[in-house]
Amino acid sequence: MGPHPAVAAIRLAVRRVLHDLLTERHTNTTLHAPACATPGAPSGTGARPAPTPPTAVPPAAVPVGGRRSASTRPGSAHPRSAAHEQPLVLVACSGGADSMALASALAFEAPKLGIRAGGVTVDHGLQPGSDLRAEEVALRLRELGLDPVESVAVTVGRDGGPEAAARDARYAALDAALERHGGTTVLLGHTRDDQAETVLLGLARGSGIRSLSGMAAVSGADGRYRRPFLQLDRQTARKACMVQSLPVWDDPHNADPAYTRSRLRHEGLPALEKALGKGVVEALARTAQLSRDDADALDTWARQAEPAVRDAAGLLECAKLYALPPAVRRRILRRAAIEAGAPAGSLFARHIEEVDRLITGWRGQGAINLPGRVVAQRQGGRLVIRQG
């Protein structure tokens, strides 16, 4: 008799992601393999490039108590040479149902594919006893057979509000853990329900099609973050934990109406389902995928079009920009503003619309001030975007 359907579903989702990782690893190895030496070939043919120095660990991401295992001591980049040939995949686990289900599936599937599996839990320090709870989660991960496992304490700032600040600190900690352990990937437990919430939050902000595309299945530098559960609902993950007798922790912040996502989860989505009927979550998740496909295509178009709208000095030519479709033109403007120093997270649609008016509604208006002390102004038929 096979596993419970919920358990089978989460394992299948993880297995697919791990297969993708192995396929990508094999492809990269093949592409970067040294050429075979041939008679008369230069002695340097096929030489491997010099290894990239490891990224420094951010000070905010330090293992609780400053502890590091012997395998992560400075100066020992490859502590277990035999095992190091196997890729290492980490799971980010809060102790909630989604991430515990993900951790159990990774622990089950990874060894069968010759992949090492570890785990990281992040202590945000936002609740009393959070350090003890993080250590409990780490213990549960070890009991599942994951190795290495660590609990990492972070300091949450204030930029962008509490939710955004906590997210930034968490991802910095996960990046650092991946570097410390020499891992390739971090699995995240976001579900289809999380995706629906993200789409609605983007819709409320009026941020455009990229915001409506929600979370990507693959994101981060070198595709290091993977979300296997975006096609599974939250209830499937919770059911998988229940039938496997996995203890889970429900974060009280997830039910706190002080947080926008919490209000949306417990009030907004239920109201939508009551008014529109069941299937809202699935429809929103489908909208995210369709929006992402469109946004990716427009981003590619903008990248290809940008060189043609710059002059010999690299300045943007307003007449050529005007001839482009608005969606493509505004993407070029956004990229130019970010390259000039505007923080991407603070650059909103209204900012880009104001810059766009320098091209489409030119009446001799003055410079436009953008976040990050960046200024955009029109000069002699050129658009100049620079630090003010």
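Since the model is a prediction, treat every value here as computed from it, not as a measurement.

Quick notes on the packing of helix α1 (residues 5-31) against helix α8 (residues 234-243)
Between α1 and α8, the shortest axis-to-axis distance is 8 Å and the interhelical angle comes to 115°. In this structure, the crossing between α1 and α8 has a hand that is left-handed. Between α1 and α8, the residues in contact are Ala6, Val7, Ala9 and Ile10 and Thr236, Lys239, Ala240 and Val243, respectively. In the contact of α1 with α8, the residues fall into 6 nonpolar, 1 polar and 1 charged.

Some words on the pattern of salt bridges
A full pass over the atoms with the stated rule returns 26 salt bridges. Linking Arg331 and Asp299 is a salt bridge whose minimum nitrogen-to-oxygen distance equals 2.7 Å. Remark: Asp299 occurs in helix α10 (residues 280-305) and Arg331 occurs in helix α12 (residues 326-339); sequence separation between them is 32 residues. Using a relative accessible area of 21% as the deciding quantity, one classes Asp299 as partly exposed.

Description of the nonpolar core
One finds Val14, Leu18, Leu106, Leu146 and Phe229 to be the most contacted residues of the largest nonpolar core, which totals 34 residues. Every element with two or more residues in this core is listed here: α1, β2 (88-92), α3 (97-109), α4 (130-143) and α8. Setting aside residues no more than four positions away along its own chain, Leu106 makes contact with Val14, Leu18, Val89, Leu90, Val91, Pro111, Ala117, Gly118 and Leu187. In this structure, Leu321, Ala340, Leu370 and Val374 belong to the second largest nonpolar core, which totals 25 residues.

Overview of the sheet that holds strand β8 (residues 316-317)
Whether parallel or antiparallel, the strands of a sheet pair through hydrogen bonds between backbone atoms. With respect to topology, 4 strands assemble into an open sheet ordered β8-β11-β10-β9, the strand pairing being antiparallel. A strand with exactly one partner marks an edge of an open sheet, and here the two such strands are β8 and β9 (368-370). In this sheet, strand β11 (residues 382-387) lies alongside strand β10 (residues 374-379) in antiparallel orientation, the contact comprising 6 bridges. Each residue of the ladder has a partner; that of Val375, found in β11, is Arg386. Running at roughly 35° to β11, α12 makes contact with β8, β9, β10 and β11 of the sheet.

Here's the deal with the side chain of His124
Within the secondary structure layout, His124 lies in the loop between β3 (116-123) and α4. Within the structure, the side chain of His124 is placed 3.0 Å from the side chain of Arg170, a separation counted as a polar contact. In this structure His124 touches Val154, Val156, Ala166 and Arg170, once residues within four positions along its chain are discounted.

A word on the packing of aromatic side chains
Going through the model one piece at a time under the given rule, you end up with 1 aromatic pair. Aromatic side chains Tyr171 and Tyr225 sit 5.0 Å apart centroid to centroid with 90° between the ring planes, which places their arrangement in the edge-to-face category. Note that Tyr171 is positioned in helix α5 (residues 162-181) and Tyr225 in strand β7 (residues 225-226), a separation of 54 residues in sequence. Tyr225 shares its class with Tyr171; the two are buried. A cation over a ring is seen here: Arg11 above Phe108, with NZ or CZ 3.6 Å from the ring centre.

Some remarks on α5
Compared with an ideal rise of 1.5 Å per residue, which puts 20 residues at 28 Å, α5 spans 29 Å between its outermost C-alpha atoms and is within 8% of the ideal. Residues of α5 that are buried: Ala164, Ala165, Ala166, Ala169, Tyr171, Ala173, Leu174, Ala176, Ala177, Leu178, Arg180 and His181. One or two positions beyond α5, positive phi appears at Gly182, with a value near 70°.

As for unusual backbone geometry
Looking along the chain, the bond that leaves Asp147 and enters Pro148 is cis, with omega of 10°. Summarising the element assignment, Pro148 is placed in the loop between α4 and β4 (149-153). For Ser245, which is not a glycine, the phi torsion comes out positive at approximately 55°. Take Ser245: it is sitting in the loop between α8 and α9 (260-276). For Ser245, a relative accessible area of 64% translates into the label exposed. Phi is positive for Arg373, close to 60°, though the residue is something other than glycine. On the secondary structure map, Arg373 appears in the loop between β9 and β10.

Observations regarding the packing of helix α6 (residues 192-205) against α9
Taken N-terminus to C-terminus, the directions of α6 and α9 make an angle of 95°; their axes are 10 Å apart at the nearest point. Considering the angle they form, α6 stands roughly perpendicular to α9. Of the residues in α9, those touching α6 at Asp194, Glu197, Thr198, Leu200 and Leu201 are Thr260, Arg261, Leu264, Arg265, Leu269 and Leu272. Counted by class, the contact of α6 with α9 contains 5 nonpolar, 2 polar and 4 charged residues.

Brief notes about the confidence of the model for the protein chain
Mean pLDDT over the protein chain: 86, with 86% of residues reaching 70 or higher. Every residue in residues 37-83 scores below 50 in pLDDT, and together they form 46 contacts with partners more than four places removed in sequence or on other chains.

Observations concerning the pairing of β2
In terms of burial, β2 is a largely internal element, 5 of the 5 residues being buried. Because side chains alternate across β2, one face comprises the buried residues Leu88, Leu90 and Ala92, and the other comprises Val89 and Val91, equally buried. The pairing of β2 with β3 spans 5 bridges and is classified as parallel. Counterpart to Ala92 in the pairing with β3 is Val120. Taken together, β2, α3 and β3 form a β-α-β motif whose crossover is right-handed.

Thresholds applied
- Residues numbered from 1 in each chain as written.
- Predicted model: local features only at pLDDT ≥ 70, side-chain atom pairs only at ≥ 80, totals over all residues.
- Heavy atoms only, no water.
- Axes fitted to C-alpha atoms, helices over the stretch in contact; angles between N-to-C directions.
- Helix = DSSP H or I, 4+ residues; strand = E, 2+ residues; numbered from the N terminus.
- Left-handed = near helix turned anticlockwise from the far one by under 90°.
- Contact = heavy atoms within 4.5 Å.
- Nonpolar A, V, L, I, M, F, W, Y, C, P; charged D, E, K, R; others polar.
- Salt bridge = Lys/Arg side-chain N within 4 Å of Asp/Glu carboxyl O.
- Buried < 20%, exposed > 50% of the residue type's maximum accessible area, 1.4 Å probe, protein only.
- Core = buried A, V, L, I, M, F, W, Y, C linked by side-chain atoms within 4.5 Å.
- Pairing = 2+ DSSP bridges.
- Polar contact = N/O pair within 3.5 Å; in protein donor to acceptor, adjacent residues only side chain to side chain.
- Phe/Tyr/Trp six-rings, centres within 6.5 Å; stacked < 30°, edge-to-face > 60°.
- Lys NZ or Arg CZ within 6 Å of the ring centre and 35° of its normal.
- Expected span 1.5 Å × (residues − 1).
- Parallel < 35°, antiparallel > 145°, perpendicular 65-115°, else oblique.
- pLDDT = per-residue confidence, 0-100.
- Right-handed = clockwise from strand over helix to strand, strands pointing away.

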